[in-house]
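Residues per chain are reported as follows:
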Amino acid sequence: MNQAAPFIGKGILHTPICDLLGCRYPIVQTAMGWVADARLVAATSNAGGFGFLAAATITADQLEAEILKLKSLTERPFGINFHMFQPNAQQVIDLTIKHGLRAVSYGRGPDAKTIARFKQAGVLCMPTVGALKHAQKAVELGADIITVQGAEGGGHTGSVPTTLLLPQVLDAVKVPVVAAGGFYNGRGLAGALAFGAAGIAMGTRFLMTAESPVPRATLQKYLEAKDPSRIRASTAVDGMPQRMIDNPYLLRLESGGLLHRLAVALGSAWRWRAHTGMSIAQMLRTAVKALGEGDSAIQTLMAANAPVLIQRAMVEGRPDEGVLPSGQVAANIDSLPTVAELIAAIADAAEARLRAVSAAALHTETAV
Ligand SMILES: Cc1cc2nc3c(=O)[nH]c(=O)nc-3n(C[C@H](O)[C@H](O)[C@H](O)COP(=O)(O)O)c2cc1C
């Protein structure tokens, strides 16, 4: 377990997740593939938040080195994010326990046996859900904290907005609930706490910081996105709804016919073959099937689109030749502060907002 002295002083923002996760503020930096690296996570945990390392996109031979790097950058607790269908899922589980990480987050999650193993090792299970029934199922399986991601959130996302999903889940489960999807400032944190949430989790806001590894040319596209309706969910990349900034590349993917989609998917499967394990013969068989059956068979190949097209933008800095996963909240963000500045500003503003609301309530009470 990462050992560090607990933060002293329990202020108005202190919630159960601060004790569980060992952070000063109830502010979580969620995992983002190729974005939530050791540096970003360490910056978050050092500034009093709680960061998750995105392990689903780190190669098996790099994973332990990245965890060790993170441990060298912070003494504060942090977590790791993965999904059970990644090829090295077992390695992530073993390294999480070996290195005593504080928490795991996941979407399509581990089974009850694996969750029991985490819990026995003192690792908190903190799945992200986009629907009420998934929250209930996750708690049944043993989740300690639930992150609720409303439809406006970035990356793969559901269809229910945060303002509806959050109260549904709060009413249905007894574990602490963290609100995600659309948060970026102190008002949001104060609002989430007023709903009854135990904190907020943010992806896009952390992507748009000074410590973000995303190249400047790509960050510029996020800064320029000013219309939330143009940060929209599309199934064109890998067949599952994923929220992205509208760009000409996405439009081409959506408007292209079967042959175009097949060509893009084949190109991605070829580039990503080391990870998908797909042989040339399998690719060709799937391609022939796709030409006969249409979209359902292309889906298999499309799984490789997301990593290839996201990397082009987020790692190689070629935003016009790839896709830009983002929450709608990018439209409200016009700066790239350091993580420490961001967390301090959110905490200060949330505290001021909560105090202003209670002062106003007190004033109303005494006036009546
Ligand atoms: C660029 C990007 C990559 C993401 N990658 C992952 C991922 O690898 N695993 C995951 O569970 N969620 C991923 N997400 C979702 C975020 O972890 C988070 O739940 C979401 O961004 C919250 O909504 P917000 O962007 O409005 O803050 C990603 C989101 C973005 C914007």
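Now for a look at the structure at hand. Just so it is clear, the structure is predicted and the values come from calculations on it, not from any experiment.

**Details of the overall build of the chain**
(1) Moving on: Scanning the chain for helices and strands turns up 17 helices and twelve strands.
(2) Moving on: For a compact globule of 368 residues, the expected C-alpha radius of gyration is about 21 Å, and the chain comes in at 21 Å, within 12% of that figure.
(3) Moving on: Across its three principal directions, the C-alpha atoms of the chain cover 75 × 45 × 40 Å.
(4) Moving on: Looking at the chain alone, contacts between residues at least 24 apart form 63% of all its contacts between residues at least 6 apart.
(5) Moving on: Accessible surface for the chain amounts to roughly 16,000 Å². Of this, 56% is attributable to carbon and sulfur atoms.
(6) Moving on: For the chain, the distance from the average site of its 33 positive side-chain charges to the average site of its 28 negative ones is 3 Å.

**Some thoughts on empty space enclosed by the protein**
(1) Moving on: Counted under the stated rule, the structure contains one cavity of 30 Å³ or more.
(2) Moving on: Approximately 40 Å³ is the volume attributed to the largest cavity.
(3) Moving on: Considering the residues around the largest cavity, the lining is formed by A236, L253, R261, V264, M302 and N305.
(4) Moving on: Per-class residue counts for the lining of the largest cavity are four nonpolar, one polar and one charged.

**A closer look at the sheet that holds strand β8 (residues 155-156)**
(1) Moving on: The three strands lie next to each other as β8-β12-β11, forming an open sheet whose pairing is antiparallel. Both outer strands of the open sheet, β8 and β11 (231-234), are each paired with one neighbouring strand and no more.
(2) Moving on: Along the sheet, helix α11 (residues 248-255) makes contact with β11 and β12 (242-245), crossing β11 at roughly 30 degrees.

**Some words on the environment of R318**
(1) Moving on: On the secondary structure map, R318 appears in the loop between α16 (305-314) and α17 (339-367).
(2) Moving on: Sequence separation of R318 and P215 is 103 residues, and the distance between their C-alpha atoms is 8.7 Å.
(3) Moving on: Among the polar contacts made by the side chain of R318, one reaches the side chain of E321 at a distance of 2.5 Å.

**Some remarks on helix α10 (residues 216-224)**
(1) Moving on: Listed as buried for α10 are T218, L219, Y222 and L223. Buried residues of α10 fall within an arc of 150 degrees about the axis and therefore sit on the same side.
(2) Moving on: Against the buried residues of α10 lie α9 (204-207), β12 and α16.

**Some thoughts on the pattern of salt bridges**
(1) Moving on: Under the definition given, this model contains eleven salt bridges.
(2) Moving on: Taking the shortest distance from any N to any O, the salt bridge between K98 and E64 comes out at 2.7 Å. Of this pair, K98 sits in helix α4 (residues 89-98) while E64 sits in helix α3 (residues 60-73), and the two are 34 residues apart along the sequence.
(3) Moving on: Shared partners join several salt bridges into a network, and the residues in it are R230, R232, D246 and E254.

**Some thoughts on a nonpolar patch on the surface**
(1) Moving on: Judged by side-chain polarity, W270, I280 and L284 come together as a nonpolar surface patch covering roughly 310 Å² of accessible area.
(2) Moving on: Position of I280 among the secondary structure elements: in helix α14 (residues 280-293).

**Notes on the sheet that holds strand β1 (residues 27-29)**
(1) Moving on: Read from one edge of the open sheet, nine strands run β5-β4-β3-β2-β1-β10-β9-β7-β6, paired in parallel fashion. Looking at which strands have only one partner, the edges of the open sheet turn out to be β5 (124-125) and β6 (128-129).
(2) Moving on: The pairing of β1 with strand β2 (residues 50-54) spans two bridges and is classified as parallel. Paired with V28 across the two strands is F50, which belongs to β2.
(3) Moving on: The sheet strands contacting helix α2 (residues 38-46) are β1 and β2, and the helix crosses β2 at an angle near 170 degrees.

**Observations concerning the site of the ligand**
(1) Moving on: Close contacts around the ligand come from 20 residues, with A31, Q149, G182, G203 and T204 the closest.
(2) Moving on: At 3.0 Å, a backbone N or O of G33 approaches a nitrogen atom of the ligand.
(3) Moving on: With respect to the ligand, the backbone of G182 contributes an N or O atom lying 2.8 Å from an oxygen atom.
(4) Moving on: Contact with the protein chains hides 87% of the accessible area of the ligand, taken as 610 Å² for the molecule alone.
(5) Moving on: Residue composition of the shell around the ligand, by class: seven nonpolar, 13 polar and no charged.
(6) Moving on: For the shell around the ligand, the domains that each give at least three residues are domain 1 (16-213 + 337-367) and domain 2 (226-329).

**Structural notes on the nonpolar core**
(1) Moving on: Within the largest apolar cluster, 74 residues are counted, with the highest numbers of intra-cluster contacts made by I27, I146, F206 and L207.
(2) Moving on: Per-element tally for this core: the top contributor is α17, with seven residues.
(3) Moving on: Both domains that meet at this core, namely domain 1 (16-213 + 337-367) and domain 2 (226-329), each give it at least three residues.
(4) Moving on: Leaving out residues up to four positions away in the same chain, I146 has contacts with P127, V129, A135, A138, V139, V169, V175, P176, V177 and V178.

**Section: α2**
(1) Moving on: Counting buried residues in α2 gives seven out of nine residues, a clear majority hidden from the surface.
(2) Moving on: Among all positions of α2, only A38, L40, V41, A42, A43, T44 and S45 are buried.
(3) Moving on: Looking at the buried residues of α2, the elements they touch are β1, β2, α3, α9 and α17.
(4) Moving on: A positive backbone phi angle near 100 degrees is found at G48, which sits one or two residues after α2.

**What to know about the side chain of T162**
(1) Moving on: Here T162 is to be found in helix α7 (residues 162-172).
(2) Moving on: The residues contacting T162, other than those within four sequence positions of it, are G150, A151, E152, P167, A180, G181 and F183.

Each value, and the rule that gives it
- Residues numbered from 1 in each chain as written.
- Predicted model: local features only at pLDDT ≥ 70, side-chain atom pairs only at ≥ 80, totals over all residues.
- Heavy atoms only, no water.
- Helix = DSSP H or I, 4+ residues; strand = E, 2+ residues; numbered from the N terminus.
- Rg over C-alpha atoms; globule rule 2.2 N^0.38 Å.
- Contact = heavy atoms within 4.5 Å.
- Areas by Shrake-Rupley, 256 points an atom, 1.4 Å probe, with all protein chains shown as cover.
- Lys, Arg positive; Asp, Glu negative; His and termini not counted.
- Charge placed at Lys NZ, Arg CZ, Asp CG, Glu CD.
- 1 Å grid on protein atoms, 1.4 Å probe; cavity = no way out; pocket = protein on both sides within 12 Å on 5 of 7 lines; lining within 4 Å.
- Points joined across faces, edges and corners; volume = space filled by probe spheres on them.
- Nonpolar A, V, L, I, M, F, W, Y, C, P; charged D, E, K, R; others polar.
- Pairing = 2+ DSSP bridges.
- Axes fitted to C-alpha atoms, helices over the stretch in contact; angles between N-to-C directions.
- Polar contact = N/O pair within 3.5 Å; in protein donor to acceptor, adjacent residues only side chain to side chain.
- Buried < 20%, exposed > 50% of the residue type's maximum accessible area, 1.4 Å probe, protein only.
- Arc of directions from axis to C-beta.
- Salt bridge = Lys/Arg side-chain N within 4 Å of Asp/Glu carboxyl O.
- Patch = residues over 30% accessible without salt bridge, like charges linked within 9 Å, V, L, I, M, F, W, Y side chains within 5 Å.
- Near = heavy atom within 4 Å.
- Domains from an automatic or database assignment.
- Core = buried A, V, L, I, M, F, W, Y, C linked by side-chain atoms within 4.5 Å.

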